Structure formats: structure tokens, C-alpha cells
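# Coordinate inspection notes
Next come the chains, spelled out residue by residue.
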Amino acid sequence: MTRPTFGFLTPENGPLFTDLYELRMMQAYHNRGHDPTATFSLFFRELPPNRGYTVAAGLEQALHYVENLSFGERAIDFLNELGFDDAFLSRLSDLEFTGEVRALPEGTPAFPNEPLLEVTAPILQAQLLETAVINQIGYQTLIATKASRMRDVIDREGDDQQLVDFGSRRAHGTDAGVKAARAAYVGGFDGTSNAAAAELFGIPAFGTMAHSWVQSFDTEREAFETFVAEYGAASVLLIDTYDTVAGAELAAAVADEADVDLRGVRLDSGDLPALSRAVADVAPDLDQFISSGVDEYAIREFFERDGVAAGFGPGTALVTSTDAPKVEAVYKLVAVERDGEMRPTMKLSTGKVTYPGAKSVRRTEEEGVYAGDVVGLRDEDLPGEEQLVTVLDGGGRVAPLPDLDAIRETAAERRRKLPAATRRIEDPEPYEVRIGDGLRAETESLRASLERGTGR
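A brief structural summary. Here the structure is a predicted model, which means the values were calculated and not measured.

Let us now look at the overall build of the chain. Within the chain, the secondary structure is distributed over 16 helices and 19 strands. A burial count over the chain gives 51% of its 456 residues as buried. Within the chain, contacts between residues separated by at least 24 positions form 73% of all contacts whose residues are at least 6 apart in sequence. Surface accessibility of the chain: about 20600 Å² in total, with carbon and sulfur atoms responsible for 47%. Charge centroids of the chain, computed over 45 positive and 77 negative side chains, lie 8 Å from each other.

Turning to its location among the elements, Glu100 is positioned in strand S3 (residues 100–103). Residue class for Glu100 comes out buried when judged on its relative accessible area of 12%. Side chain to side chain, Glu100 and Arg378 meet in a polar contact 2.9 Å long. Setting aside anything within four residues of it in sequence, one finds Glu100 in contact with Glu118, Val119, Thr120, Arg378, Thr390, Leu392 and Asp393.

Examined bridge by bridge, strand S6 (residues 162–165) and strand S11 (residues 311–313) share 2 bridges and lie parallel to one another. Looking at S11, one finds that Leu163 is bridged to Phe312. Examined bridge by bridge, S6 and strand S7 (residues 191–192) share 2 bridges and lie parallel to one another. What sits directly across from Val164, in S7, is Gly191. Crossover S6 to S7 through helix H7 (residues 174–187) is right-handed.

Relative to the 21 Å expected for 15 residues at 1.5 Å per residue, helix H16 (residues 437–451) spans 21 Å between its end C-alpha atoms, a close match to the ideal helical length. By the burial criterion, the buried members of H16 are Leu439, Glu442, Thr443, Leu446 and Ser449. All buried residues of H16 fall inside an arc of 135° around its axis, so they share one side. Facing away from the buried side of H16, by more than 90 degrees, are the exposed residues Asp437, Glu444 and Glu451. Buried residues in H16 make contact with strand S13 (341–344), strand S14 (359–366), strand S15 (369–377) and strand S19 (433–435).

On to the pattern of salt bridges, then. Scanning the entire structure with this criterion turns up 31 salt bridges. Ionic pairing is found between Glu426 and Arg300, a salt bridge with its closest N-O pair at 3.1 Å. Taken as a pair, Glu426 in the loop between helix H15 (404–416) and S19 and Arg300 in helix H13 (residues 296–304) lie far apart in primary sequence, 126 residues in all. Judged by its relative accessible area of 38%, Glu426 falls in the partly exposed class. Linked through salt bridges whose partners overlap, the residues forming this network are Asp152, Asp155, Arg156, Arg415, Arg416 and Arg423.

Basis of the calculations
- Residues numbered from 1 in each chain as written.
- Predicted model: local features only at pLDDT ≥ 70, side-chain atom pairs only at ≥ 80, totals over all residues.
- Heavy atoms only, no water.
- Helix = DSSP H or I, 4+ residues; strand = E, 2+ residues; numbered from the N terminus.
- Buried < 20%, exposed > 50% of the residue type's maximum accessible area, 1.4 Å probe, protein only.
- Contact = heavy atoms within 4.5 Å.
- Areas by Shrake-Rupley, 256 points an atom, 1.4 Å probe, with all protein chains shown as cover.
- Lys, Arg positive; Asp, Glu negative; His and termini not counted.
- Charge placed at Lys NZ, Arg CZ, Asp CG, Glu CD.
- Polar contact = N/O pair within 3.5 Å; in protein donor to acceptor, adjacent residues only side chain to side chain.
- Pairing = 2+ DSSP bridges.
- Right-handed = clockwise from strand over helix to strand, strands pointing away.
- Expected span 1.5 Å × (residues − 1).
- Arc of directions from axis to C-beta.
- Salt bridge = Lys/Arg side-chain N within 4 Å of Asp/Glu carboxyl O.

This is the structure in C-alpha cells:
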């Protein structure tokens, strides 16, 4: 059998995007008649380094996985090869999600111990979702947060410069490349260089040229003239193949001779702030787009050194979130049905204690600025506005998802409501997240019960 290497997940094998232990537990749940209703919570315990907040993202893809969950013949045949028994495989062949999903809307700031997603369903169904929902929400949240920080630096110190994702070639796989483009757009980017992501998600597409274009011609002038003849005013000329300032002068001359207002020029190497000022001196009418090593710290330094730019093209630092490459998202059982009632449960492992029960996240606001959150039990009376929204109930969609542009606008609006000190890109001030009195009492009571060995 030919094994595809590009875009290898299909509807036929997509349900296998899970860890084997999930399937082993599921078979045991089924064969032992143990399939109580359970609530799992997806959250993270700590923020990544130098992060005062994260931006929730990836919910649309997570829900697509849940809603389309189906084990077809290919998946069943493979699990049969692994030794799973016929009764369980028969159950899988009829499996569909029938539970509830509550989640933070995409673009919402999220903090430690706040659920980004809560799933309540028969445990056999809910267990299966762990790997996929962590993967989809964790990665996009990481990248949306990185993008948001870059946009925030521009909002505070720049002049509305464009941000375009240039990172697909450095992403950790094709799926990561297109999901990074989506997440970056959520976080405040203006577009992507990746054609597949632009087509899939309706993100504006941007393109310039590579050094190879210039090098393929006898002269830089010929390269520029040919490109401008082909693309006219849409041309962005890469001017640093040989000498950046001389390239800028040549680009301006070619544009003038062709009577074309170029879209701009791109700088991709060297001392970018200093070179951008030099280019502005010799070609003041050309917009400059800056790439190579761009992240929020480089953008801040660029402005501090009076660099001149109309836009930036972050790549590697964006799609790998180089300075903080992971959000340690987890998916933990927080409540389980016993004797016909939902009972809270928790872990006591050192460093990995969880808060029990289905949750509520309430956010307060003072004079247009977020003033703090309270995480409590789902039915707890708490101040502020509820952040979790029910999106699936009985396995069906009960709340429409906004389009990507609306999500992007939500992210921008809610980012601006965060305290300025929380948004700092170095040593941010912690945002207050308080544990509600009811949740704290439940946690202490259950901990005492578990430590006595009685459980619940």
C-alpha cells in the first residue's frame, strides 16, 4: 500500500489521530460496561515564558474533528490488525459524538486554570477527543498569542504597519504551516504568503520575489524591469541581493522609467533599521517591507532605532514561537457520573493538581479594562461576564461560529482591554485570576477525602 506523505490525514483515518492508550481505555470501558457520563477540561497550568496572556484559537478545527468523528473501514481494519476485539470494533463503527462542548470563543484572552474547552459526554466518547483537541487548540493558541504580541507592539509603538506570515517553510509540517497562518490572522496579522492557507481560510495572500529571481538574470536591472513588466504596480522588488541601497535606487529608477507606482521593496538581510533609513533617504516614495528574523522583540528594536517600514514578514519566529515554543495544555477528567449524579474528581499529583468539577469563568471590567477573572464551579454565583459558551449540545451545533474576520476583530478588541502591564513582551504583570469560594471549598473537601483514602 502506498503511504501518502503530504496531507496524510483523511476522513478514513482521521479518527486514528489519537494515542493508543485512549483506544485501549475505550475498549476496556466498553467491554466492562463502564461508560459513565464524564466532564473533561482542557486548560494549561502556567503561561509560557514572558507571556502575560494567551489568545484562544483553534476551536473551529477542534469542533470539526468532534462533529465528523466516524470510524470507517480503513480505521477499523487497522485497529483489527492491532488486536482490538470485534465487539469493540463494532461499537466504534457506529460511534458518533452525542455530548456537550463548552468553550472560550476564539480570540478570547485565556489564563492559567481557565478551561479553553470542556467536554461532557459518555466517557468512551470524551476520552477519544484528548489528543486531537489539545493538538488543534494548543498549537493555534500558541501562535495566535505570538502574533498578538507582534500586533500589540505595532499598535503601541508603530504606525499601523502590515504583518504578513512568511513562515510556512519553517513550520513543523504542512498542517502546522496552514494552521499557523490561520492563528496568526486571528492574532492580528493581515495575511499570509501561503497559497493553501489563503484558499482554505479566506486569508489575504501576499507575495514578493526571491533572491533566485534576481540572480537568474544577467543584471539586477533586467530582473527588476522584467518583474515590473509582468506585475506592474503590484510589484514588490527584493533589493538586497547585492547592495541594498544601490538596489533601492535602481528600483526607484525602474519604477520611474516604467511610470509605475510600485507596491514597494523588501529588505531581507543586514542591519535592517539602519538600511531602512538609508533606503528612505534615496527612495522616499517606496514602501519598505522587512523580513528576516522578525518577531515582537525585533519589531520593538526596529522602532526604537527609528527604522522605516510599511510592513513586516515574520517567519520562523512566528510559526515555531521560538522564544516560547509550547503551551502545556492538558485535558483532564474533572467530573464523573456515579450513582446517577455528576461527582467532582481531581488529581493530587505533585505539581499537577487539578481543580474539580465543571467550571465557570467570569471576567470583570472597569472603565473599558479587564479587571480580573474568577474561576468557579459551573453553577456557582460569581461576579462578571461568563466567558464559556456552549457550542455543541446533544452532539449538535447550538451556537454558530463567527467567521475568521470577526474572530480577528474580537481578538483585537479584547487584547486592547487587557491591562497594559499584562501585555508587556518582557516581565509582564500577572493578570488576576481568582478561584471562586465554592470551587475552593469543593477542592479542599475533595482533597481531604482523597487523602483519607475514601474518595467519592
